[in-house]
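Chain by chain, the residues:
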Amino acid sequence: MEDCEQLNLRRLEGSYLKFIVENHAELGLLEHVEDCTTCREHVKKLVETGGLSADFGNLFQREADDQTAPQFTDHRDPENFIDARIQWRKSRLTELNESAEAELEDLRKRISP
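This one's a predicted model, so the numbers in the text were calculated from it and none came from an experiment. (Residues numbered from 1 in each chain as written. Predicted model: local features only at pLDDT ≥ 70, side-chain atom pairs only at ≥ 80, totals over all residues. Heavy atoms only, no water.)

It is worth spelling out the packing of aromatic side chains at this point. For the structure on display, the rule yields two aromatic pairs. Between Phe 56 and Phe 60 the ring centres are 5.4 Å apart and the planes differ by 75°, which places this aromatic pair in the edge-to-face class. Residues Phe 56 and Phe 60 agree in their burial class; the two are buried. Arg 62 extends its terminal NZ or CZ atom over the ring of Phe 72, reaching a point 4.0 Å from the ring centre. (Phe/Tyr/Trp six-rings, centres within 6.5 Å; stacked < 30°, edge-to-face > 60°. Buried < 20%, exposed > 50% of the residue type's maximum accessible area, 1.4 Å probe, protein only. Lys NZ or Arg CZ within 6 Å of the ring centre and 35° of its normal.)

So, in structure tokens, the structure goes:
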């Protein structure tokens, strides 16, 4: 089968949609951790022990490779650190989604006849 630009654009559209949905799912998890005492205690233990989480990866590690991420040393309290990391990550995800949605809109213009 020959390369079909429309088919390739549709595949790309699917990739953007998947990316956006995954970001929304992560935002939902972060918002849950903000309000759930049980989950916050779990995350607090991760921060205190340096553990990794299947749900959050290395988001709550004391040190981050990304220099824009809040660092544990800048916070006196694990709770404050958790809140700072959640807000930072939510902001990043929102920015990524806004960018992806704009690119998706442009892509859809190219797809439509």
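Take the side chain of Arg 40 next. Mapped onto the elements of the fold, Arg 40 is located in helix α2 (residues 37–49). Every residue in contact with Arg 40, bar those within four places of it in the chain, is listed here: Val 33, Glu 34, Glu 79, Ile 82, Asp 83 and Ile 86. (Helix = DSSP H or I, 4+ residues; strand = E, 2+ residues; numbered from the N terminus. Contact = heavy atoms within 4.5 Å.)

In short, the description is geometric, and any link to function would need to be established separately.
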